[in-house]
Amino acid sequence: MTTANQDQIDHWNGVVGERWVSHQAMIDTMMAPFSAALQHKLALAADQHIIDIGCGCGDMSEQAAALGTHVTGIDISEPMLAQAIKQSATKPSAHAVTYQLADAETGKFPDNHFDYAMSRFGVMFFNTPIKAFINIKRALKPTGKLVFVCWRHAKDNPWVTIPGSAIAPLLPKMPATDPTAPGPFSFADPKRISRILTSAGFGAVRIEPIEASMPIAVGQGVLGAVDFIAKIGPTARAIAELDDDKRAVVKERLRIALGNSEVNSTVHLGGAVWLVSAEV
Ligand SMILES: C[S@@+](CC[C@H](N)C(=O)[O-])C[C@H]1O[C@@H](n2cnc3c(N)ncnc32)[C@H](O)[C@@H]1O
């Protein structure tokens, strides 16, 4: 694999990739409302060819294959792809899915081959997004479509703001970062998404807001949710450098903050995304 996105390759092949593997079931459950929105928009039919961009541990690829499609899941993370391959082998539709270690920006995919390029939160990490979407577009048929979900601004996402404001007083002030730098919120601005896709040659760009309540660590109560949030996502990143004593104080703050969102032993936090579609 070439090194166009080396920082992200390191990120998703390190401890973050390993944590996504060990928390895969929880992540898939948390994302389920947005997976359903993506599936509804795609309306896949048997025998279509699908490329899943940043497929991670393969949940969306497997969902698509179960509908009778032929799926190529591509990702830069070796541990996440290994998990996807392991899980796929146990499914009846295993023969219909191929996983490929590839960077969306530089990967070699067959030209004019896919009916759909889809992604669940896998397209916000490109160093040169226009180049990546040109590469993706080349792989689509002339009738092909692109459909993905990406996060709206962190401030519009209670799963970020509720834990974030609880622990902010305990964290050192961070320097402001470029909101368009590769990362989960780099596609927060719909005008930027539209500009990128149009520059890559896509037309009929549609960007719809969707909100949903996401179950965090189902059945594991507030402590399970705290543990999850301290390991995966922006809160985990913010507290990564803290020593054990400070981490314990942070976790106690999170326990109190998330307690208000617990119903029947499961914490639910709101998520806000853009459902984006475009045509070749
Ligand atoms: C937030 S995770 C989403 C994973 C999966 N789609 C899901 O919903 O569970 C982002 C994924 O994008 C992948 N990714 C990041 N940059 C990429 C790139 N340039 N090419 C392909 N995949 C990439 C990461 O390795 C990671 O698996």
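Structure: see above.
Reading guide: rules and limits
- Residues numbered from 1 in each chain as written.
- Predicted model: local features only at pLDDT ≥ 70, side-chain atom pairs only at ≥ 80, totals over all residues.
- Axes fitted to C-alpha atoms, helices over the stretch in contact; angles between N-to-C directions.
- Helix = DSSP H or I, 4+ residues; strand = E, 2+ residues; numbered from the N terminus.
- Parallel < 35°, antiparallel > 145°, perpendicular 65-115°, else oblique.
- Left-handed = near helix turned anticlockwise from the far one by under 90°.
- Contact = placed C-beta atoms within 7 Å.
- Expected span 1.5 Å × (residues − 1).
- Buried ≥ 20, exposed ≤ 12 C-beta atoms within 10 Å, placed from the backbone.
- Arc of directions from axis to C-beta.
- Core = buried A, V, L, I, M, F, W, Y, C linked by C-beta atoms within 7 Å.
- Pairing = 2+ DSSP bridges.
- Right-handed = clockwise from strand over helix to strand, strands pointing away.

1. Comments concerning the packing of helix α7 (residues 158–167) against helix α11 (residues 244–259)
Piece 1. The N-to-C vectors of α7 and α11 enclose an angle of 130°; their axes lie 9 Å apart at closest approach. In terms of axis orientation, α7 runs oblique to α11. The handedness of the crossing between α7 and α11 comes out as right-handed. On α11, the residues touching Ile162, Pro163, Ala166 and Ile167 of α7 are Val250, Arg253, Leu254, Ala257 and Leu258.

2. Remarks on the environment of Leu42
Piece 1. Along the polypeptide, Leu42 turns up in helix α3 (residues 24–42).
Piece 2. Counting along the chain gives 22 residues from Leu42 to Ala64, while the straight-line C-alpha distance between them is 9.6 Å.
Piece 3. Among residues more than four places away in sequence, those in contact with Leu42 are Tyr116, Met118 and Val147.

3. Some thoughts on α11
Piece 1. Under the 1.5 Å per step criterion, the end-to-end length of α11 is 22 Å for 16 residues, consistent within 8% with the ideal 22 Å.
Piece 2. Regarding α11, the residues found buried are Val250, Leu254 and Leu258. Seen end-on, α11 carries its buried residues on one side only, within an arc spanning 65°. Opposite its buried face, α11 presents the exposed residues Asp245, Ala248, Val249 and Ile256, each directed more than 90 degrees away.
Piece 3. Looking at the packing, one finds that the buried side of α11 touches α7, α9 (221–229), α10 (234–239), β7 (262–263) and β8 (266–279).

4. Some details on the environment of Thr235
Piece 1. By secondary structure assignment, the location of Thr235 is in helix α10.
Piece 2. Looking at Thr235, the number of C-beta atoms within 10 Å reads 23, which means it is buried.
Piece 3. Residues Thr235 and Pro163 lie 72 residues apart in sequence; the distance between their C-alpha atoms is 6.9 Å.
Piece 4. What Thr235 contacts, discounting residues up to four positions off in sequence, is Pro163, Gly164, Ile167, Ile229 and Ala230.

5. Comments concerning the nonpolar core
Piece 1. Ranked by size, the top nonpolar core spans 79 residues in total, and within it Ala117, Met118, Ile136, Cys150 and Ala225 carry the most contacts.
Piece 2. Not counting the four nearest positions on each side in its chain, Ala225 is found in contact with Ile216, Ala217, Gln220, Leu258 and Val267.

6. What to know about the pairing of strand β1 (residues 49–53)
Piece 1. Counting buried positions over the 5 residues of β1 gives 4, a clear majority of the element.
Piece 2. Note: β1 against strand β2 (residues 70–75), 5 bridges, orientation parallel. The partner of His49 across the bridge, within β2, is His70.
Piece 3. For the crossover that starts at β1, traverses helix α4 (residues 59–65) and ends in the parallel β2, the hand is right-handed.
Piece 4. As defined by bridge partners, β1 adjoins strand β4 (residues 114–120) across 3 bridges and the pair is classed as parallel. When the bridges of β4 are listed, Ile51 appears paired with Ala117.

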